[in-house]
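Here is how the chains run, residue by residue.
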Amino acid sequence: VQLQASGGGLVQAGGSLRLSCAASGRTFSNYVMGWFRQAPGKEREFVAAISQAGGSTYYQDSVKGRFTISRDNGKNTVYLQMNSLKPEDTAVYYCAATRRLVVIARSYDYWGQGTQVTVSS
């Protein structure tokens, strides 16, 4: 699976961004999709994941109620709607694909190139 993330940018605290990740190469609907992020000097961390059909979602506690993951299997795309952004959300955001609904980065088989999200205070 080839993954292409987009939608990052600079936003003020309290603002919103919508990330997209377009997939190609294999059957998108066979894969769990996840979003991870990595801030400078920190390890990559799980943000959200969605099951193959979209019926199950998981979130990191710090983003619950602010971020929403969704997918459109007809468009081979997964989204991350980010609202009420905080400066601590600043990071490079990566989309990833795996066969199982897990939150561990090393369990994901395919990764996109990342998109920068910067939240100013």
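In short, a report on the structure. Within each chain, residue numbers correspond to sequence positions counted from 1 in written order. Local features in this predicted model are restricted to residues of pLDDT 70 or higher, and side-chain atom pairs are both shown and tallied only at a pLDDT of 80 or more, whereas totals for entire chains, interfaces and linings draw on every residue. To obtain the side-chain values, all non-hydrogen atoms of the structure were used and water was disregarded.

1. Some remarks on the environment of Asn30
- Positionally, Asn30 belongs in the loop between β3 (17-24) and β4 (32-38).
- Only protein chains enter the area calculation, which uses a 1.4 Å probe; residues under 20% of their type maximum are buried, those over 50% are exposed, and those in between are partly exposed. Classification of Asn30 as partly exposed rests on a relative accessible area of 34%.
- C-alpha separation for the pair Asn30 and Ala53, spaced 23 residues apart in sequence, amounts to 8.4 Å.
- Beyond its immediate sequence surroundings of up to four residues, Asn30 is in contact with Gln52 and Arg99. Secondary structure counts use DSSP, requiring at least four H or I residues in a row for a helix and at least two E residues in a row for a strand, with both numbered from the N terminus. Contacts are residue-level and defined by heavy atoms, with any inter-residue pair within 4.5 Å sufficient.

2. Brief notes about unusual backbone geometry
- For Asn76, which is not glycine, the phi torsion reads 55° and is therefore positive.
- Position of Asn76 relative to the elements: it lies in the loop between β7 (67-72) and β8 (77-82).
- At Ser84, a residue that is not glycine, the phi angle is positive and equals roughly 50°.
- Topologically, Ser84 is positioned in the loop between β8 and β9 (91-98).
- Using a relative accessible area of 39% as the deciding quantity, one classes Ser84 as partly exposed.

3. Here we look at the nonpolar core
- By nonpolar core is meant a set of buried Ala, Val, Leu, Ile, Met, Phe, Trp, Tyr and Cys residues that side-chain atoms within 4.5 Å join together. Of all hydrophobic cores here, the largest spans 30 residues; its most connected members are Met33, Trp35, Leu80, Met82 and Tyr93.
- Sorting the residues of this core by element identifies β1 (2-6), β3, β4, β5 (45-50), β7, β8, β9 and β11 (115-120) as the ones contributing at least two each.
- Aside from chain neighbours lying at most four places away, what touches Leu80 is Leu17, Arg18, Leu19, Trp35, Val47, Ala48, Phe67, Thr68, Ile69 and Tyr93.

4. Focus on the sheet that holds β7
- One open sheet accounts for four strands, arranged β1-β3-β8-β7; its pairing is antiparallel. Here the strands that pair on one side only, and so sit at the sheet edges, are β1 and β7. Taken pair by pair, the neighbouring strands of this sheet meet at an average axis angle of 15°, ignoring direction.
- At least two DSSP bridges between two strands are required for those strands to pair. Across six bridges, β3 lies against β8 in antiparallel orientation. Considered in β8, the bridge of Leu19 is made with Leu80. Orientation is described by lines fitted to C-alpha atoms, with helices fitted over the stretch in contact, and by angles between N-to-C directions that extend from 0 to 180 degrees.

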